[in-house]
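What follows is the residue order along each chain.
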Amino acid sequence: MAKLILSVDGQVLKEHTLSKERTLIGRKPHNDIQIDNLAVSGEHAAIITILNDSFIEDLGSTNGTLVNGKPIKKHFLQNNDVIEIGKHKLKYFNDAPSQTSAADFEKTMIIRSPVKPAAPPPQVAGTPQERSATDTVTSMKAPAPAPEVVKPAAAPQSPTAQADHAPLPDAAIQVLSGAAAGRTLDLTKNLTTIGKPGLQVAVITKRPNGYFITHVEGASYPTLNGSSLGAQAHPLADHDMIEIAGVKMEFFFKP
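The text that follows walks through the structure, step by step, so that each part is easy to find. Remember, it's a predicted structure, so these values are computed and weren't measured experimentally. (Residues numbered from 1 in each chain as written. Predicted model: local features only at pLDDT ≥ 70, side-chain atom pairs only at ≥ 80, totals over all residues. Heavy atoms only, no water.)

### Section: the pairing of strand E15 (residues 200-207)
Two faces make up the sheet, and in a regular strand the side chains alternate between them.
And then number 1: Summarising burial for E15: seven of the eight residues are buried, a large majority.
And then number 2: The pairing of E15 with strand E16 (residues 210-217) spans seven bridges and is classified as antiparallel. Looking across to E16, one finds that Val201 is bridged to Glu217.
And then number 3: Here E15 folds back onto E16, and the loop between the two strands holds two residues. (Buried < 20%, exposed > 50% of the residue type's maximum accessible area, 1.4 Å probe, protein only. Helix = DSSP H or I, 4+ residues; strand = E, 2+ residues; numbered from the N terminus. Pairing = 2+ DSSP bridges.)

### Quick look at the pairing of strand E6 (residues 53-58)
And then number 1: Where burial is concerned, most of E6 is hidden: six out of the six residues are buried.
And then number 2: Neither face of E6 is exposed, since Asp53, Phe55 and Glu57 on one face and Ser54, Ile56 and Asp58 on the opposite face are all buried.
And then number 3: Strand direction decides the pairing type here: strand E5 (residues 45-50) and E6, joined by six bridges, are antiparallel. Looking at E6, one finds that Ala46 is bridged to Glu57.
And then number 4: Pairing analysis gives three bridges linking E6 to strand E9 (residues 74-76), with the strands arranged antiparallel. Within E9, the position partnered with Ile56 by the bridge is His75.

### Description of the sheet that holds E15
And then number 1: A sheet is described by the order of its strands in space; here four strands give the open sequence E14-E15-E16-E19, paired in antiparallel fashion. The outermost strands of the open sheet, each flanked by one partner alone, are strand E14 (191-196) and strand E19 (234-235).
And then number 2: When E14 meets E15, the two strands line up antiparallel, connected through six bridges. The residue bridging Thr193 from the neighbouring strand is Val203, located in E15.

### Describing the packing of aromatic side chains
And then number 1: One pass over the structure, following the stated rule, counts three aromatic pairs.
And then number 2: Considering the side-chain rings of Tyr211 and Phe253, the 6.3 Å spacing of their centres and the 55° angle between planes classify their relative orientation as tilted. A residue pair is termed long-range when its members are at least 10 positions apart, and Tyr211 in strand E16 and Phe253 in strand E21 (residues 247-253) qualify at 42 residues. For the pair formed by Tyr211 and Phe253, the shared burial category is buried. (Phe/Tyr/Trp six-rings, centres within 6.5 Å; stacked < 30°, edge-to-face > 60°.)

### Here's the deal with the side chain of Thr205
And then number 1: Within the element layout of this structure, Thr205 appears in strand E15.
And then number 2: Thr205 gets classed as buried once you look at its relative accessible area, which sits at 1%.
And then number 3: Residues contacting Thr205, with those up to four places away along its chain left out, are Ile50, Asn190, Leu191, Gly210, Tyr211 and Phe212. (Contact = heavy atoms within 4.5 Å.)

### With respect to the layout of surface pockets
And then number 1: There is about 270 Å³ of room inside the second largest pocket.
And then number 2: Lining the second largest pocket are 16 residues, and of these Arg22, Leu24, Glu43, Leu59 and Gly218 lie nearest its centre.
And then number 3: Elements with a minimum of two residues in the lining of the second largest pocket: strand E3 (22-26), E6 and E16.
And then number 4: Tallied by class, residues from the lining of the second largest pocket come to five nonpolar, four polar and seven charged. (1 Å grid on protein atoms, 1.4 Å probe; cavity = no way out; pocket = protein on both sides within 12 Å on 5 of 7 lines; lining within 4 Å. Points joined across faces, edges and corners; volume = space filled by probe spheres on them. Nonpolar A, V, L, I, M, F, W, Y, C, P; charged D, E, K, R; others polar.)

### A few points about the environment of Gly10
And then number 1: Summarising the element assignment, Gly10 is placed in the loop between strand E1 (3-8) and strand E2 (11-17).
And then number 2: When its relative accessible area of 75% is taken as the criterion, Gly10 is described as exposed.

### A closer look at the nonpolar core
Here is a general trend for soluble globular proteins: nonpolar side chains tend to be buried in one another's company.
And then number 1: Counting residues in each nonpolar core, the largest one holds 21 residues, and the members touching the most others are Ile173, Ile194, Ile204, Leu236, Ile242 and Phe251.
And then number 2: When residues of this core are traced back to their parent elements, those giving at least two are strand E12 (171-175), E15, E16, strand E20 (241-244) and E21.
And then number 3: Per-element accounting of this core gives the leading share, four residues, to E21.
And then number 4: Residues in contact with Ile173, not counting those within four places in the same chain, are Arg183, Thr184, Leu185, Leu187, Ile194, Ile204, Met249, Glu250, Phe251 and Phe252.
And then number 5: By size, the runner-up hydrophobic cluster in this structure holds 18 residues, among which are Leu6, Ile35, Ile85 and Leu90. (Core = buried A, V, L, I, M, F, W, Y, C linked by side-chain atoms within 4.5 Å.)

### Looking at the pattern of salt bridges
Opposite charge on two side chains allows them to pair when their charged atoms are near.
And then number 1: Under the defined criterion, the tally for this structure stands at five salt bridges.
And then number 2: Taking the shortest distance from any N to any O, the salt bridge between Glu57 and Lys74 comes out at 3.3 Å. Taken together, the residues span a long stretch of sequence, with Glu57 in strand E6 and Lys74 in strand E9 at a distance of 17 residues.
And then number 3: Exposure remark for Lys74: the relative accessible area of 27% places this residue in the partly exposed category. (Salt bridge = Lys/Arg side-chain N within 4 Å of Asp/Glu carboxyl O.)

Put into C-alpha cells, the structure is as follows:
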C-alpha cells in the first residue's frame, strides 16, 4: 500500500498510509494530513488513490504545491516523488505495480476546449453553468453526431454482483442535459474524468470488479441517483443517474 513520509528540515514527523480514496492535506484540523503552518492553506491539496495509483491535485492553495521541485496543479505520483508544501515535504513510496501510466492518466483528464462534432448539437435550454460544464465532457476524438443510444433489453447485473471470472462489460455515459445533451462517452480508459474544472470534477475508474465514481474537485459533491456522492468511491450500476456541475448524465452498459 502506498504511503507518505512527512518531514520538515530533514526531520521525519510522521508516516501516513494512503488507505482512503481521497486524502486531504492542509492546515485545518479536519484534514487527513494536518500541517499546522501558516504557509499551508486550510485545504491545500488532495491525493486520490485508485487501485495502486495515486495522483495529487493542488486545491487552489495560496502558496502552491511542488513535486520534485516543480509547481503542479495535477500530478501522477510515482515511487520516490517528493511533494513540497511550504517548508514541509511528503515523500511518496509505492512499490506495487501501477495500473496505468502517467501518459495514460493525462489522456483521461478533462479537455477544456471541446472538440466540435461534425454537426452542431440541437439547442437545449439550460443555464450558462450547465452549458459550460457540458462542454468539458468529451473523448479524445471528435464524437459523431449524437446517436440514439439503444439500451439492452434486459439490464445486466451490477458489476459488483458479477463473478470474479466474468468479463467486465463495456460501458458509457450519455449527457442528458445542457448544450451537449445526447453526446456519449465510452469508458475505455482506466480513468475517465468528467465535470467542470474549478466547479465540480469526478473520476470514473474501470476496475476488474466494475466501474466506480469518485469525487475529485469542488466544494460540493456530485449526486448519484439523487443522493450526495460523498468522499468515497461508489460502484456504478446500469442506468445510474449522475449529476455533476449542474449537468445530468446516465451510466449504462453497452449491448
